[in-house]
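Chain residues, written in single-letter form:
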Amino acid sequence: QACTMSGEEELAATEEVEGGEEGEEGADGEEDPELLAMQKELEKAERQKAELDKLNKMQGGGAGGKDAGAAAAESAERDAKSIFIGNVDFAASVEEVQEIFADCGEINAITIPVDKFTGQAKGFAYLEFADKSSVLAALEKNNVLLRDRPIKVINKRTNVPAWQLHPSRGRGRGR
């Protein structure tokens, strides 16, 4: 006599046989060593993830402790307390710039960018104050002489990449 089974019946029969074999191993008390090793690795990974989540919460959450919006807000706040100084003599030092702006208020940082290959100053500087009111006093120092050169003092602008200004511009490859 021929026995005929549909595809679904064959699948169910196969699952019962496989399930029975696994049940027999568990009943004997013997477990697969590979399965035990994988379970231990999983537990270890879960503990590490919990520790990382705890550390992220302590740092303020997110990658690096800040999200993009908070970083942009902080950058804009720093720029509001900063000035751009143009036409700075190439041999001018940070101390000379500090002497000119010392009476404007507390200075947090002075940066004179240099060419990375030659080490020569680029002819401008940035100055960050502790508070925004110092910026107004510093703007009055426009055209003051620094090493016999009139410096240009303006508010530092926040650098916004062009792709953020015009996000829908261009489709690439000249189209």
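From a predicted model like this one, the values you see are computed outputs, not experimental measurements.

So, about the overall build of the protein chain. Looking only at helices and strands, one finds six helices and six strands in the protein chain. Going from the N terminus to the C terminus, the protein chain shows its helices and strands as α-α-α-β-α-β-β-α-β-β-β-α. Considering the protein chain as a whole, with its 175 residues, one finds that 17% of them fall into the buried category. Within the protein chain, residue pairs in contact and separated by at least 24 positions form 61% of the contacts whose partners lie at least 6 positions apart. With an accessible surface of roughly 13,600 Å², the protein chain has 51% of that area assigned to carbon and sulfur atoms.

Inspection of every chain in the model, using the stated rule, returns three aromatic pairs. With a centroid separation of 5.7 Å and an interplanar angle of 80°, the aromatic rings of Phe124 and Tyr126 are classed as edge-to-face. Site record: aromatic cluster; members linked through ring pairs are Phe84, Phe124 and Tyr126.

Formed by 19 residues in total, the largest nonpolar core has its most connected members in Ile83, Ile85, Val97, Phe101, Leu127, Phe129 and Leu146. Listing elements by their share of this core, those giving two or more residues are β1 (82-86), α4 (94-101), β3 (124-129) and α5 (133-139). Every residue in contact with Phe101, bar those within four places of it in the chain, is listed here: Ile83, Ile85, Ile107, Leu127, Phe129, Ala138, Lys141, Ile151 and Val153.

About the criteria used
- Residues numbered from 1 in each chain as written.
- Predicted model: local features only at pLDDT ≥ 70, side-chain atom pairs only at ≥ 80, totals over all residues.
- Heavy atoms only, no water.
- Helix = DSSP H or I, 4+ residues; strand = E, 2+ residues; numbered from the N terminus.
- Buried < 20%, exposed > 50% of the residue type's maximum accessible area, 1.4 Å probe, protein only.
- Contact = heavy atoms within 4.5 Å.
- Areas by Shrake-Rupley, 256 points an atom, 1.4 Å probe, with all protein chains shown as cover.
- Phe/Tyr/Trp six-rings, centres within 6.5 Å; stacked < 30°, edge-to-face > 60°.
- Core = buried A, V, L, I, M, F, W, Y, C linked by side-chain atoms within 4.5 Å.

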